[in-house]
Amino acid sequence: MTDRACFEKGLAEMVKRLQPQTIIVYGAAPDYMFGKYKAMGIRIIQFDSAFSAAHKKAVND
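Notes on the structure follow. (Residues numbered from 1 in each chain as written. Predicted model: local features only at pLDDT ≥ 70, side-chain atom pairs only at ≥ 80, totals over all residues. Heavy atoms only, no water.)

1. Side note on the pairing of strand β1 (residues 22–26)
Part 1: Because side chains alternate across β1, one face comprises the buried residues I23 and V25, and the other comprises T22, I24 and Y26, none of which is buried.
Part 2: Alignment of β1 against strand β2 (residues 43–47), held across five bridges, turns out to be parallel. Residue pairing for β2: Y26 is matched across the bridge by F47.
Part 3: In this view, the connection linking β1 to its parallel neighbour β2 by way of helix α2 (residues 31–39) has right-handed handedness. (Buried < 20%, exposed > 50% of the residue type's maximum accessible area, 1.4 Å probe, protein only. Helix = DSSP H or I, 4+ residues; strand = E, 2+ residues; numbered from the N terminus. Pairing = 2+ DSSP bridges. Right-handed = clockwise from strand over helix to strand, strands pointing away.)

Right, here's the structure in full:
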């Protein structure tokens with residue numbers, strides 16, 4: 001099982017068991033992975049990873 005598949009399976013199980021109103025994501029939160037949870041009414045809050053934030057800063061400078 002790939003890391004992505006393992007994460008997606010764990011995410012689905014977490015949503016099933018905890019029925020969260022909000023999921024906080026550190027790093028990318030692509031729609032192909034989180035879109036169905038948004039459609040269920042779960043709020044997705046995404047924060048850039050330190051690497052991503054540093055890369056954006058370097059590109060914009």
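2. Re α2
Part 1: When α2 is considered as a whole, its buried residues turn out to be M33, F34, G35 and Y37.
Part 2: Elements in contact with the buried residues of α2: α1 (3–18), β1 and β2.
Part 3: Of the residues trailing α2, G41 is marked for its positive phi of about 95°. (Contact = heavy atoms within 4.5 Å.)

3. A word on the pattern of salt bridges
Part 1: Evaluated as defined, the whole model comprises two salt bridges.
Part 2: Here E13 makes a salt bridge to R17, at a shortest N to O gap of 2.7 Å. Of this pair, E13 and R17 are both found in helix α1, four residues apart, which corresponds to roughly one turn of the helix.
Part 3: We classify R17 as exposed; its relative accessible area is 65%.
Part 4: Of the charged contacts, one joins D31 and K38 as a salt bridge, the two residues approaching to 2.9 Å between their closest N and O atoms.
Part 5: Relative accessible area serves as the criterion here: at 52%, D31 is assigned to the exposed category. (Salt bridge = Lys/Arg side-chain N within 4 Å of Asp/Glu carboxyl O.)

4. Notes on a nonpolar patch on the surface
Part 1: On the surface, I24, Y26 and F47 cluster together into a nonpolar patch covering about 390 Å² of accessible area.
Part 2: With respect to the helices, strands and loops of the structure, I24 is situated in strand β1. (Patch = residues over 30% accessible without salt bridge, like charges linked within 9 Å, V, L, I, M, F, W, Y side chains within 5 Å. Areas by Shrake-Rupley, 256 points an atom, 1.4 Å probe, with all protein chains shown as cover.)

5. What to know about the packing of α1 against α2
Part 1: Remark: α1 packs on α2, axes separated minimally by 11 Å, with the N-to-C direction vectors making an angle of 10°. Judged by the angle between their axes, α1 and α2 are roughly parallel. Packed against α1, whose contacting residues are R4, F7, E8, L11, A12 and V15, the element α2 presents Y32, M33, F34 and Y37 at the interface.
Part 2: Of the residues assigned to the contact of α1 with α2, the class counts are eight nonpolar, no polar and two charged. (Axes fitted to C-alpha atoms, helices over the stretch in contact; angles between N-to-C directions. Parallel < 35°, antiparallel > 145°, perpendicular 65-115°, else oblique. Nonpolar A, V, L, I, M, F, W, Y, C, P; charged D, E, K, R; others polar.)

Geometric values such as these leave the question of function open.
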